Each structure stands twice: as C-alpha cells, then as structure tokens.
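# Observations on chain architecture
These are the residues of each chain, in order.
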Amino acid sequence: MSSPGSVLSGPALRVGSTEPRRFTPPRRELTAETSWGFECISFLEGILKWELLPWQKWLYIHALEKDETGSAFRFQTIVLLIARQNGKTQWLKGLGLWKLYMDGAEQVLISAQNLEMAETTLREVVEDIKNNSILKREFFRFTQTNGKVKLILHSTPGQPNGPRREWRAAVSSRKGGRSLSADLAELDEVREQQNWEAWNAIVPTTTARPRSLIVCASNAGDATSVVLRSLRDGALGRITEGETDDTMTFLAEWSAPDDVDHSSPEYWPMANPALGYLPGFTEESLRGRLEAMHDNVPGFRTEHLCQWVDALEPGIFPADKWLATTDVGSRRAADAPVFASLDVNFERSRA
C-alpha cells in the first residue's frame, strides 16, 4: 500500500499541484531562517512520523513566514481554500500540535459550523498524542463535560509553575470562544458563515496574544458565504494589484479557473493537490463523483474544483439540458446598449 507521501503508480497519472493557483507571495526566499514552516515540518515528520503531502509542506513554509525582525509571524490571518478530502483537517491538526508543543502556545481553539465536527478533530488530536511516546509525556487530561470538550496538557516543560496548555473545540456562533484567550484560532468550513457573528466572537480571542494566528479554512462557497468571500476578495485584491509587502493576510487557493470546462480532468489537479498521492484519490474517483453529480454541477464545482458559484442548490432544469440548448455562437451586437442593475433585499443584508 502506498504511503500518504508517495505518488501512486498508473498510466499517465495526473497528480495534484503542489503550488496553489493563487497565493500571497513571500517577501524573500523562504529558508529555515525566514520561515517557521521548516521547524513545523521537522516536528511533524520527526516526532509524529507523519508523511506530509507536498502541498502541506508548501503551505507550512509559506504561511509561517517570519517578519523582518525574525521574531514574529509575518501574517496574522491565514486563508486556505482547497477542494474537499485533500488533507485540510490534517494540516490544521499539525499546526495546532506544533503551536502547543514547539511555539509556546497556551491555548488553541478550533471551531466549525457543526460542533460535532470540531470535537471529532480534537478527539483525533488526542489519539495522535496518546499514540506518541514523546508527546504523551505532557498529556494531562481530555475532558468532555457540560458540553465542553478540551484537551489539557501539562505546563510548558521548564516552566513548572506555568499554566496548563489547552486545545478547545467550539461551535461557530456568536457565543463560540468568548471569554477565551487563544494563541491559535482555527475556523474550519468558513464558507458556512453567512454573517459576522461567529467571527466577532472567536477572532478577538487572539488579540492580546503576542504570537497569535487566525486560520480560516474551507472549500469555495456561494453568494451566502459572506465572511469567506470578504476575506478572499480582500486578499485577491492585494495580490492582483501587487500590493502585498505590508499585508498581514495570507491567501492560498487551490482551485480550477472559473471559465474552464468542469468536466475536463486536466484542471482537476489545480484544486486537488492530494490527487495521486492518497490511496484511492485518483482521476477515476473524481470522474465517478462527477457522474453521480451530473444534475448537481454547482455542487461538484464547489466541493471538488473549489470554484465559487451563485447558489449550491441545483435548479429545476438538469445541467445537461442547459448545456444541450446553449447557443455557443450567440454574441451581443457590438453597438448594442449595455445595462447593469443591482438588487438589494429589504433588510439590506444581501445584494
């Protein structure tokens, strides 16, 4: 059986792209002196014996770039956009473990729209620690009481009187994470946040921490994904204008271009960097998903190509019927007038 870090064999096999299609460029060459990503990779591969995928290593190195002083992170906010089932959650787990064990963090917070998802990730972290002879020395307790799930580690080695370290799970809501003070806040599936209530509750928990990070991870969303769209648009604007030197937001987006044929396999590796690296994750498996979702093209595009759509619900007309009746030669006359309109709902919450 192939390991997660090895390329599966096969005729003319396409493999995922290590580098995202869109990303915030580094200020300088990234080395062990200019990025903490190398230390994070060494910890995960050397201590936990993880076999990281190429894209995961790339992201650790670029997202954990140091600032000019070499003592702080260049970025405060990390935005990760990637198709489903590519190892996003594993990447988040690795970052949290490194922060707690190597970077002096006292509290990590992971949230998701569904509390069960955040708790499941945290339980996996606990198993990783318990199954490691080195990490489990610092394990203190895993509590699941009164609807609160948290991992507790002993105080940082060398600081016997210091506070115990924690990793908590919270729901993405207006109450999630309030009263906490987190060194790392991970917001998973940000596409589901349709207003700023969860952001306003969770992100301020990092304000008073000197080496804090906010990580927002998701696949692409639709018109209702208010928070993710805002974060992405802001970062893309700076990238497009070439004004990223002073930005504190890092964007990495593995996605297929919006104007390509969604059924063309040549574009699938751009959104699926784990393609060909993980057992069972092949071009054929994606082809099977496409066949099963032929009446739900918006769903396939967002989930597997990380492309933005206006709405996820399929319409009453099957996608193949739309394609069959498309007049590809239709064009607006060169001298025809052009009209544009903007529709805003009564509550002025959506346009």
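Residues numbered from 1 in each chain as written. Predicted model: local features only at pLDDT ≥ 70, side-chain atom pairs only at ≥ 80, totals over all residues. Heavy atoms only, no water.

## So, the layout of surface pockets
Put simply, the rule reads: Lining residues are defined by having an atom within 4 Å of a point belonging to a cavity or pocket. Those points lie on a 1 Å grid over the protein atoms alone, cavities being sets where a 1.4 Å probe fits but cannot get out and pockets being open sets with protein on both sides within 12 Å along at least five of seven lines. Grid points are joined across faces, edges and corners, and a volume is the space filled by probe spheres set on the points. Here a helix means four or more residues in a row that DSSP labels H or I, a strand means two or more in a row labelled E, and each is numbered from the N terminus.
Of the volumes computed, that of the largest pocket is approximately 290 Å³. Lys148, Arg168, Ala169, Ala170 and Gly177 are, among the 15 residues lining the largest pocket, the residues nearest its centre. Those elements giving two or more residues to the lining of the largest pocket turn out to be strand S5 (148–155) and strand S6 (164–171). Looking at which element gives the most residues to the lining of the largest pocket, the answer is S6, with four residues.

## Section: the confidence of the model for the protein chain
Note that predicted coordinates carrying low pLDDT should not be read in detail. Put simply, the test is: For every residue, the predictor assigns a confidence score, pLDDT, that lies between 0 and 100. Note on contacts: a residue pair qualifies if any of its non-hydrogen atoms lie within 4.5 Å across the two residues.
Scored by pLDDT, the protein chain comes out at a mean of 90, with 92% of its residues at no less than 70. A low-confidence stretch, residues 1–12 (pLDDT under 50), is modelled with 23 contacts involving residues beyond four sequence positions or located in other chains.

## Quick word on the environment of Trp50
This is how it is decided: Burial classes: relative accessible area under 20% of the type maximum marks a residue as buried, over 50% as exposed, and values in between as partly exposed (1.4 Å probe, protein chains only).
Considering the arrangement of structural elements, one finds Trp50 in the loop between helix H1 (37–46) and helix H2 (54–63). Classification of Trp50 as buried rests on a relative accessible area of 12%. The spatial distance from the C-alpha of Trp50 to the C-alpha of Gly94 is 9.2 Å, given a sequence separation of 44 residues. Sequence-distant contacts of Trp50, defined by excluding residues within four places in its chain, comprise Leu44, Glu45, Gln90, Lys93, Gly94, Leu97 and Asp128.

## Remarks on the pattern of salt bridges
Operational definition: Only one rule defines a salt bridge in this text: a Lys or Arg side-chain nitrogen within 4 Å of an Asp or Glu carboxyl oxygen.
Enumeration over the complete set of coordinates arrives at 27 salt bridges. The salt bridge partner of Arg209 is Asp183, with a shortest N-O separation of 2.8 Å. Taken as a pair, Arg209 in the loop between helix H5 (197–202) and strand S8 (213–218) and Asp183 in the loop between S6 and strand S7 (184–188) lie far apart in primary sequence, 26 residues in all.

## Some thoughts on the sheet that holds strand S1 (residues 22–23)
Note the following rule: At least two bridges found by DSSP between two strands are what make those strands a pair. For helices, the fitted axis covers only the stretch in contact; all axes are lines through C-alpha atoms, and the angles between them, taken along N-to-C directions, range from 0 to 180 degrees.
The strand order across the open sheet built from nine strands is S1-S9-S2-S8-S7-S3-S6-S5-S4, with neighbouring strands paired in mixed fashion. A single partner strand is all that each edge strand has here, and the edge strands are S1 and strand S4 (139–145). Note: S7 against S8, five bridges, orientation parallel. Note that in S8 the partner of Asp188 across the bridge is Ala217. Contacting strand S2 (77–81), strand S3 (107–112), S5, S6, S7 and S8, helix H3 (residues 88–101) runs over the sheet at an angle of about 170 degrees to S7. Lying over the sheet, helix H6 (residues 226–241) contacts S1, S2, S8 and strand S9 (249–253), oriented at roughly 95 degrees with respect to S9.

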